[in-house]
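Spelled out, the chains give:
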Amino acid sequence: SSSEALNSGTHLQVISVWVRDPRIQKNDFWHAYIDYEICLHTDSVCFTKKISSVRRRYSEFVWLRQKIQANSMLMTRLPELPPKNPFFSLNNAQQITERMKGLQKFLEQILQNPLLLSDSCLHLFLQSQLSVSKIQACAAGRTHYSVAQAVQRCGLRRFHSQEDLQKDLSMSCDSDSDSSECRDPEPRIKDLAINKADNTASLDLMGSSQEETLSCSSGSA
C-alpha cells in the first residue's frame, strides 16, 4: 500500500492508493484480458468520495496517462507506466505482479503532484465505473451528469440508456499488449435488466439534483 501526504495549511491530507487483485476477464472463448482493482482511501478535500474501489485494465492506464499529459499541457513531467510487453502472458504470475506494482507506483507518483489533482479525468478514472469514452465526455461537460455525480453514484450503473449501450457495443477495439479484443461494454450485458421506466426516473432524479463540482476544480482553468 501507499500513503501520499499533501500539506494543506496545518492539516496533513493523506491519499492512500492500492492496485491489487488481478483478475482474468473473458469476453468470449478466444479473448481475455486482466484488470486490477484500484482502492483509494483519503481525507483530502480534492476528492468527493473518501473511500472507493474500481477495476481498470492496462490499456485504460495508458489512456489516462495520455489524457493527463494533454490536459497539463506539458507543464509537468509524468511518471512512466510499466512498459508494454509483446510477450505478456495471462498465465505468467511474475509478469502480472510486476505490471501491477508498476501501475501502483504510477498512481502513487501522480497523486503526489497537487497540480494533477484538479484533473477531472483522473477523478473519474479512480472513482467511477465509467468507460474511458464516457470519462472523456463527462469531463468535457457532454453528459447529463456532473463529475461529482458520476463519482457519488459509482456502482449504481444508472447512466446508461439503450442508446448508450449500442454506442459502447459498437466502439472500436482498443490495443493492448495482453489482448486484442474490444473492451467489455459498461455496464455488462447481464446488468442491463433495467426497465425503461426505472431508467427514465433515475435520469429525472439526476437532472433535478444540484450540480456539484470537485473542490479542486475551482482553482483550475
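Basis of the calculations
Residues numbered from 1 in each chain as written. Predicted model: local features only at pLDDT ≥ 70, side-chain atom pairs only at ≥ 80, totals over all residues. Heavy atoms only, no water. Helix = DSSP H or I, 4+ residues; strand = E, 2+ residues; numbered from the N terminus. Buried < 20%, exposed > 50% of the residue type's maximum accessible area, 1.4 Å probe, protein only. Contact = heavy atoms within 4.5 Å. Areas by Shrake-Rupley, 256 points an atom, 1.4 Å probe, with all protein chains shown as cover. Core = buried A, V, L, I, M, F, W, Y, C linked by side-chain atoms within 4.5 Å. Expected span 1.5 Å × (residues − 1). Polar contact = N/O pair within 3.5 Å; in protein donor to acceptor, adjacent residues only side chain to side chain. Pairing = 2+ DSSP bridges. Phe/Tyr/Trp six-rings, centres within 6.5 Å; stacked < 30°, edge-to-face > 60°.

## Some points on the overall build of the protein chain
- Scanning the protein chain for helices and strands turns up seven helices and four strands.
- Helices (α) and strands (β) of the protein chain occur, in sequence order from the N terminus, as β-β-β-β-α-α-α-α-α-α-α.
- The buried share among the 221 residues of the protein chain stands at 49%.
- Restricting the contact set of the protein chain to residue pairs at least 6 apart, pairs at least 24 apart contribute 61%.
- On the protein chain, roughly 11800 Å² of surface is accessible, and the fraction owed to carbon and sulfur atoms is 53%.

## Some thoughts on the environment of F47
- Within the fold, F47 resides in the loop between β3 (32–42) and β4 (51–57).
- In this structure the C-alpha to C-alpha distance between F47 and Q127, which are 80 residues apart in sequence, comes to 9.1 Å.
- Beyond its immediate chain neighbours, meaning those up to four positions away, F47 contacts I15, L40, T42, L111, L117, H123, L126 and Q127.

## Things to note about the nonpolar core
- Counting 44 residues, the largest nonpolar core has L107, L111 and L126 as the members making the most contacts within it.
- If you list the elements that add at least two residues to this core, you get β2 (11–26), β3, α1 (58–71), α2 (93–111), α3 (120–127), α4 (132–139) and α5 (147–152).

## Focus on α2
- The end-to-end C-alpha distance of α2 is 27 Å, a good match for the 27 Å that 19 residues give at a rise of 1.5 Å each.
- Among the residues of α2, the N-terminal cap falls to N92, whose side-chain oxygen and the backbone nitrogen of Q94 are separated by 3.1 Å.

## Some details on the environment of I68
- Within the fold, I68 resides in helix α1.
- For the pair formed by I68 and L116, sequence separation is 48 residues and the distance between their alpha carbons is 7.6 Å.
- Setting aside residues up to four positions removed in sequence, I68 forms contacts with L78, I110, L116, D119 and L122.

## Quick word on the side chain of Q149
- By secondary structure assignment, the location of Q149 is in helix α5.
- Within the local environment of Q149, its side chain forms a polar contact with the backbone nitrogen of S146, the two atoms lying 2.9 Å apart.

## Re α4
- Among all positions in α4, only V132, K134, I135, A137 and C138 are buried.
- Positive backbone phi, at 80 degrees, marks G141, one or two positions downstream of α4.

## Quick word on the pairing of β3
- Burial of β3 is extensive: ten of the eleven residues sit out of reach of the surface.
- Bridge count between β3 and β4: seven bridges; the pairing is antiparallel. Paired with L40 across the strands is S52, a residue of β4.

## Details of the packing of aromatic side chains
- Taken as a whole and assessed by the stated rule, the structure comprises three aromatic pairs.
- Note on F29 and W30: the rings are 5.0 Å apart at their centroids and 90 degrees apart in plane angle, and the pair reads as edge-to-face. Across the pair, W30 and F29 agree in class, each one exposed.
- With a centroid separation of 5.1 Å and 80 degrees between ring planes, the pair formed by F61 and F125 is classed as edge-to-face. Of this pair, F61 sits in helix α1 while F125 sits in helix α3, placing them 64 residues apart in sequence.
- Looking at F61, the relative accessible area reads 0%, which means it is buried.
- On the accessibility criterion, F125 (0% relative accessible area) is buried.

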